[in-house]
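Coordinate inspection notes
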Amino acid sequence: MKPYDENILYIIPARGGSKGIPRKNIKVLAGRPLIHYSIDVARQLANDDHIIVSTEDNEIIQVAEATGLPVHYRRPAELATDTAGSYGVIIDAMDWADARGIKYDKVCLLQPTSPLRIVDDVKACIDMYTPEVDMVVTVAESRSNPYYNCLEADPVTGYLTISKGHGMYTRRQDAPKVWEYTGSVYVFNPESLRRHTLGEMNKRLGCPTPAERCVDLDNTTDWMLAETLIYQAKANAPKE
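Worth saying up front: this structure is predicted, and the values here are computed from it rather than measured.

Here we take up the pattern of salt bridges. Summed over the entire model, instances satisfying the criterion amount to 12 salt bridges. Of the charged contacts in the structure, one is a salt bridge between Lys106 and Asp5, with a shortest N-O distance of 3.1 Å. Of the two residues, Lys106 sits in strand 5 (residues 106–109) while Asp5 sits in the segment before strand 1 (8–13), which places them 101 residues apart along the sequence. By the burial criterion, Lys106 is buried, and Asp5 matches it. Residues Arg195 and Glu191 are paired through a salt bridge, measuring 4.0 Å at the closest nitrogen-oxygen approach. Highlighted residues: Arg195 and Glu191, both in helix 5 (residues 190–195), separated by four residues, approximately one helical turn. Looking at Glu191, the relative accessible area reads 55%, which means it is exposed. The network of salt bridges with shared partners includes Asp5, Asp105 and Lys106.

Okay, unusual backbone geometry next. Backbone geometry places Arg23, a non-glycine residue, at a positive phi of 55 degrees. The residue Arg23 is located in the loop between strand 1 and strand 2 (28–29) in this model. Given the relative accessible area of 29%, Arg23 is considered partly exposed. In this structure, Ala30 takes a positive phi of about 50 degrees despite not being glycine. With respect to the helices, strands and loops of the structure, Ala30 is situated in the loop between strand 2 and strand 3 (32–33).

This next bit is on helix 2 (residues 58–65). Quick reminder: α-helices carry 3.6 residues per turn. Residues three or four places apart thus point the same way. Inspection of helix 2 places Ile60, Ile61, Val63 and Ala64 among the buried residues, and these make up the whole buried set. The buried residues of helix 2 occupy an angular sector of 165 degrees when projected down its axis, which confines them to one face. Where the residues of helix 2 are buried, they touch strand 3, helix 1 (34–43) and strand 4 (51–54). Where helix 2 begins, the capping side chain belongs to Asp57, and its oxygen is found 3.0 Å from the backbone nitrogen of Glu59.

Hydrogen bonding along the main chain pairs the strands of a sheet, whether they run parallel or antiparallel. Spatial strand order, 4-1-5-9-6-10: six strands in an open sheet with mixed pairing. In this open sheet, the two strands that pair with only one neighbour each are strand 4 and strand 10 (204–208). For this sheet, the mean inter-axis angle between neighbouring strands, taken without regard to orientation, is 35 degrees. Direction of pairing for strand 6 (residues 135–141) relative to strand 9 (residues 179–188): antiparallel, over a ladder of six bridges. Counterpart to Glu141 in the pairing with strand 9 is Trp179.

Another point: the layout of surface pockets. Approximately 500 Å³ is the volume found for the largest pocket. Along the walls of the largest pocket sit 23 residues, with Arg15, Gly17, Lys24, Ser86 and Gln111 positioned nearest its centre. The residue inventory of the lining of the largest pocket, partitioned by class, reads seven nonpolar, nine polar and seven charged.

Overall, the coordinates contain three aromatic pairs when judged by the stated rule. For the ring pair Tyr186 and Phe188, a centre distance of 5.8 Å and an interplane angle of 5 degrees mean the geometry is stacked. In terms of burial, Tyr186 and Phe188 fall into one category: buried. Taken together, the ring pairs in this structure connect Tyr181, Tyr186 and Phe188 into an aromatic cluster. The ring of Trp223 carries the charged tip of Lys27 above its face, separated from the ring centre by 5.4 Å.

What follows deals with the nonpolar core. In this structure, Tyr10, Leu110 and Val122 are the most contacted members of the largest nonpolar core, which totals 31 residues. In this structure, Leu110 is in contact with Tyr10, Ile11, Ile12, Pro13, Ser38, Val41, Ala42, Arg117, Val122, Ser184 and Val185, ignoring residues within four places of it in sequence. Residues Leu9, Val107, Leu109 and Phe188 belong to the second largest nonpolar core, which totals 21 residues.

Reading the values: rules and limits
Residues numbered from 1 in each chain as written. Predicted model: local features only at pLDDT ≥ 70, side-chain atom pairs only at ≥ 80, totals over all residues. Heavy atoms only, no water. Salt bridge = Lys/Arg side-chain N within 4 Å of Asp/Glu carboxyl O. Helix = DSSP H or I, 4+ residues; strand = E, 2+ residues; numbered from the N terminus. Buried < 20%, exposed > 50% of the residue type's maximum accessible area, 1.4 Å probe, protein only. Arc of directions from axis to C-beta. Contact = heavy atoms within 4.5 Å. Polar contact = N/O pair within 3.5 Å; in protein donor to acceptor, adjacent residues only side chain to side chain. Pairing = 2+ DSSP bridges. Axes fitted to C-alpha atoms, helices over the stretch in contact; angles between N-to-C directions. 1 Å grid on protein atoms, 1.4 Å probe; cavity = no way out; pocket = protein on both sides within 12 Å on 5 of 7 lines; lining within 4 Å. Points joined across faces, edges and corners; volume = space filled by probe spheres on them. Nonpolar A, V, L, I, M, F, W, Y, C, P; charged D, E, K, R; others polar. Phe/Tyr/Trp six-rings, centres within 6.5 Å; stacked < 30°, edge-to-face > 60°. Lys NZ or Arg CZ within 6 Å of the ring centre and 35° of its normal. Core = buried A, V, L, I, M, F, W, Y, C linked by side-chain atoms within 4.5 Å.

What follows is the structure, encoded as structure tokens:
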């Protein structure tokens with residue numbers, strides 16, 4: 001298989017602990033372990049040596065390898081705690097790849113909690129990327145807009161005021177669009193990752209993604225919604 005872009009390092013973070021949905025990374029969603037969805041997308045875009053499953057958990061390794069993807073990297077225990085952030089996880093995986101001579105000029109983060117992403121979502125972010133930016137990230141229009149329906153309480157009077165702007169918009173569609181991360185796809189500039197934490201990156205481009213592919217699994221309600229959407233998509237797929 002020829003990679004879509006051979007210079008990308010794909011990182012799939014999947015620690016063993018999870019509070020909202022216990023063991024969610026290997027929990028079966030619509031007939032398949034959750035992590036398989038992200039692995040399958042990555043393997044349609046890259047060769048296996050450019051895909052890193054980042055986990056400290058033996059069972060997750062076994063489930064991941066059931067797809068045929070070898071898992072050689074093991075996440076350090078200190079990066080698998082409840083307080084460990086994504087940034088340290090990404091940097092450690094990059095260090096591991098660098099030490100093994102794996103060449104890349106972009107890093108793509110595919111979180112297992114976004115099982116509805118498709119290959120074209122990743123391609124769209126890759127195509128938008130240039131070396132001048134820090135990252136390209138999938139976004140969706142936010143349902144809460146600080147120009148229209150987000151309010152703050154005055155610390156003295158307690159009266160509510162609009163969060164941003166003049167507060168005179170009477171129709172949502174007239175207010176400036178506001179975007180939020182979907183968590184589905186991140187394409188990073190490796191040099192930016194070495195210089196800045198994720199929150200410090202200012203050169204960010206948003207890649208709009210359809211709302212039906214933006215479910216992020218934080219709780220059981222999200223899980224049920226994702227499962228319903230997957231089954232609906234299978235039912236509506238053209239029959240061969």
